[in-house]
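Chain residues, written in single-letter form:
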Amino acid sequence: MVLRVFNTLGRRKEEFIPLNPSEVRMYVCGPTVYDYIHIGNARAFVVADVVRRYLKYKGFKVRYVSNITDIDDKMINRAKEMGISIQELGEIYSNAYFEDIDKLNIERPDVTPRATQHIPEMIEAIETLIKKGYAYVVDGDVYFDISRFEEYGKLSGNRAEALEMGARIEVNPKKRNPADFALWKAWKPGEPGWHSPWGKGRPGWHIECSTMAQKYLGETIDIHMGGKDLIFPHHENEIAQAEAITGKTFARYWLHNEWLTVGGEKMSKSLGNFITVRDALKMCSPEVLRFFLISAHYRSPLDFNEKALKNAERRLERLINAVERLHDLPEREDETAEDRRLLLEIENGKRKFEEAMDDDFNTPLAISALIGMAKAINSYADVNEKIEGRIKRRILKIFTDLLEVLGVRWEAEMEVSYGNRLLKDLISILIDVRDELRKRRDWKIADRIRDRLRSIGIILEDTPKGTKWRISRK
Ligand code: AMP
Ligand code: ZN
């Protein structure tokens, strides 16, 4: 089936066809490692991870590059504040970033280039831009001349005149046009610097991403992603730099995610309304946080609050419980009409899931399809005590593959589910012991086991088929 994605470049949905059918090349703007990432940043990374996983599910090979910005004003200021070197700062927070994305089950990029390790490549790119007449040097600074790049503004829709008006607010007399942007910044005391043909200095932020993307993915890449704040100026400037150098399209599909908000406002460092991934993980498991972050379509805002988080938790639990229930259902040899009906329902759900994801990665609809599948499994298990083995394994495989697309792990390594399994096993041990006691007519201790379990909300019921148990919610 055809995958359609909303391309910010052109602002419409388009069929996704990679340049090279054997490999999709994808670049995602990574974090500036001056602090822990917050869950707004995590939304951007989880969304990109789901795109990557779905492409793989559809049979594409994906090469995924995501950078680490380890030199800019924020890095310089924070290192000063903390009294450590910029390298140390970068080390601390890039380690923390990897820990956080690992917890959220975000696959590690194939390459994670760091800005400070690509200064020579950036200098070379800037030299080319100067040589081609797209950039000019003033007192050790180098600026990109946006008037020389005719298509400037094609991504954001900002026309050059409007940009000039806007940029006039902070006039930099060194620039020819107020909206020109820095490719290289001359060294100032107290700042780190690298030697260059224009004197000591450091690269601008935009040249970092286009240079590293092209180094690891080639002149034209398929997908470029980031939060919508990056459309302008960051991605607009990346296009200008890259295309001025090569004369070729830089990125063919631009995907941008909407905000994660708090009380309707963008979560951001500067507003101070942020929650780090670390702090959020004190409120819920990483699986629930991840599931919450994909509970809205990536181009819709998503508001973070306790109710929404609880809701995500409940829905995830429903999915996991259904898979576990099916997993635990004993097998029989012959298949019944009901087995076949269940399989049909599951295949139908899978189709709905794929349709949703093919329509610009509509995760909330895809999740609804999964919930429908979970319901079908539950209705089946309510009336069937066994299931034919091959059908069971097929359904489990379908369900597990779809959960994998969303990055949801349900098997033993998942803490909640592992806890559930331990709990089940423990209760069945207690039930066995109690049965033995009842056989020996030791009612007193048998009743004590039942009463103690009830006091923690586990209800035992003795039925002709043996002792059953359930959890009382109140
Ligand atoms: P930064 O380290 O600030 O460059 O951010 C890393 C990524 O997180 C970028 O793609 C940002 O656009 C994205 N981002 C930042 N804040 C939010 C937010 N509140 N909601 C969604 N994405 C965000
Ligand atoms: Zn970038």
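As the structure is a computational prediction, the values presented were derived from the model and not from experiment.

Scoring rules and cut-offs
- Residues numbered from 1 in each chain as written.
- Chains lettered and ligands numbered in written order.
- Predicted model: local features only at pLDDT ≥ 70, side-chain atom pairs only at ≥ 80, totals over all residues.
- Heavy atoms only, no water.
- Helix = DSSP H or I, 4+ residues; strand = E, 2+ residues; numbered from the N terminus.
- Buried < 20%, exposed > 50% of the residue type's maximum accessible area, 1.4 Å probe, protein only.
- Contact = heavy atoms within 4.5 Å.
- Domains from an automatic or database assignment.
- Salt bridge = Lys/Arg side-chain N within 4 Å of Asp/Glu carboxyl O.
- Polar contact = N/O pair within 3.5 Å; in protein donor to acceptor, adjacent residues only side chain to side chain.

(A) Region of the structure containing the environment of Pro31. By the secondary structure assignment, Pro31 is in the loop between β3 (24-28) and α1 (39-57). Classification of Pro31 by relative accessible area gives buried; the value is 8%. Sequence separation between Pro31 and Asp70 is 39 residues, and the spatial gap between their C-alpha atoms is 8.6 Å. Sequence-distant contacts of Pro31, defined by excluding residues within four places in its chain, comprise Ile37, Phe45, Asn67, Ile68, Thr69 and Tyr97.

(B) Representation of the domain arrangement of the protein chain in the model. Considered domain by domain, the protein chain is made up of domain 1 (312-418) and domain 2 (421-471). Each of domain 1 and domain 2 has a C-alpha centre, and the two are 30 Å apart.

(C) Examining the pattern of salt bridges more closely. Following the criterion strictly, the structure yields 47 salt bridges and no others. With a shortest N-O distance of 3.4 Å, Arg176 and Asp145 are connected by a salt bridge. Of this pair, Arg176 sits in the loop between α5 (160-167) and β7 (181-186) while Asp145 sits in the loop between β6 (141-144) and α5, and the two are 31 residues apart along the sequence. Counted as one network, the salt bridges with shared partners bring together Asp49, Arg53, Lys56, Glu107, Arg290 and Glu404.

(D) Representation of the side chain of Arg52 in the model. By secondary structure assignment, the location of Arg52 is in helix α1. In terms of polar contacts, Arg52 uses its side chain to reach the backbone carbonyl oxygen of Glu107, at 3.2 Å. With residues up to four places along the chain from it excluded, the contact list for Arg52 reads Met26, Val62, Tyr64, Glu107, Arg108, Pro109 and Asp110.

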